[in-house]
Amino acid sequence: MSKPFYEIKKTNTNEYCFNLKNSEGEIVLYGETFKNIAKCKQQIIFVKQHAYDYDYYHSKVTQNNEYYFYLCLNEDTLLGKSKKYKTIEAKEMAIATVMLCATIATIKHFK
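Everything quoted here is computed from the prediction, not taken from an experiment.

Caption draft 1: Highlighting the packing of aromatic side chains. Overall, the coordinates contain four aromatic pairs when judged by the stated rule. Centroid distance Tyr6 to Phe18: 5.9 Å. Interplanar angle 70°. Geometry classified as edge-to-face. One end of the pair, Tyr6, is in strand β1 (residues 5-10); the other, Phe18, is in strand β2 (residues 16-21), with twelve residues separating them in the sequence. The same class applies to Tyr6 as to Phe18, namely buried. Members of the aromatic cluster, joined through ring pairs, are Tyr54, Tyr57 and Phe69. Above the face of the Tyr68 ring, Lys84 is positioned so that its terminal group lies 5.3 Å from the ring centre. Taking NZ or CZ as reference, Lys108 lies 4.3 Å from the ring centre of Phe5, over its face.

Caption draft 2: Structural detail: the pairing of strand β5 (residues 67-74). Across five bridges, strand β4 (residues 57-61) lies against β5 in antiparallel orientation. Opposite Ser59, over in β5, you have Phe69 as the bridge partner. Once β4 ends, the chain turns through five residues before running back antiparallel as β5, passing Asn65 with a positive phi of about 60°. Sheet topology places β5 next to strand β6 (residues 77-81); four bridges connect them, and they run antiparallel. When the bridges of β6 are listed, Asn74 appears paired with Thr77. Hairpin connection from β5 to β6: two residues lie between these consecutive antiparallel strands.

Each value, and the rule that gives it
Residues numbered from 1 in each chain as written. Predicted model: local features only at pLDDT ≥ 70, side-chain atom pairs only at ≥ 80, totals over all residues. Heavy atoms only, no water. Phe/Tyr/Trp six-rings, centres within 6.5 Å; stacked < 30°, edge-to-face > 60°. Helix = DSSP H or I, 4+ residues; strand = E, 2+ residues; numbered from the N terminus. Buried < 20%, exposed > 50% of the residue type's maximum accessible area, 1.4 Å probe, protein only. Lys NZ or Arg CZ within 6 Å of the ring centre and 35° of its normal. Pairing = 2+ DSSP bridges.

These results come straight from atomic positions and should not be treated as a statement about function.
Rendered as structure tokens:
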């Protein structure tokens with residue numbers, strides 16, 4: 001078991017994105033894409049600053065009754081999004097995982 005980390009990757013379109021991975025290496029939060037690495041790292045800082053506060057999480061349900069969430073600063077600023085979960089409990093557990101992992105995670109840059 002390792003420490004949680006933010007994985008920064010360069011996309012096929014030469015942009016950058018990050019994923020927050022838990023200690024098992026599973027993605028618990030997906031970031032948006034950015035034109036440069038500095039903006040991507042700034043977004044990670046915002047995630048670290050706000051992930052502990054449940055008020056920044058917005059839960060959603062798909063038409064297929066799958067549950068997911070967004071981590072947002074406000075209506076215009078998305079910090080990250082989750083994958084889809086079969087139950088509300090699984091989605092809430094994922095939020096708790098992000099809340100725990102986001103502030104202690106290190107940043108790793110992958111090419």
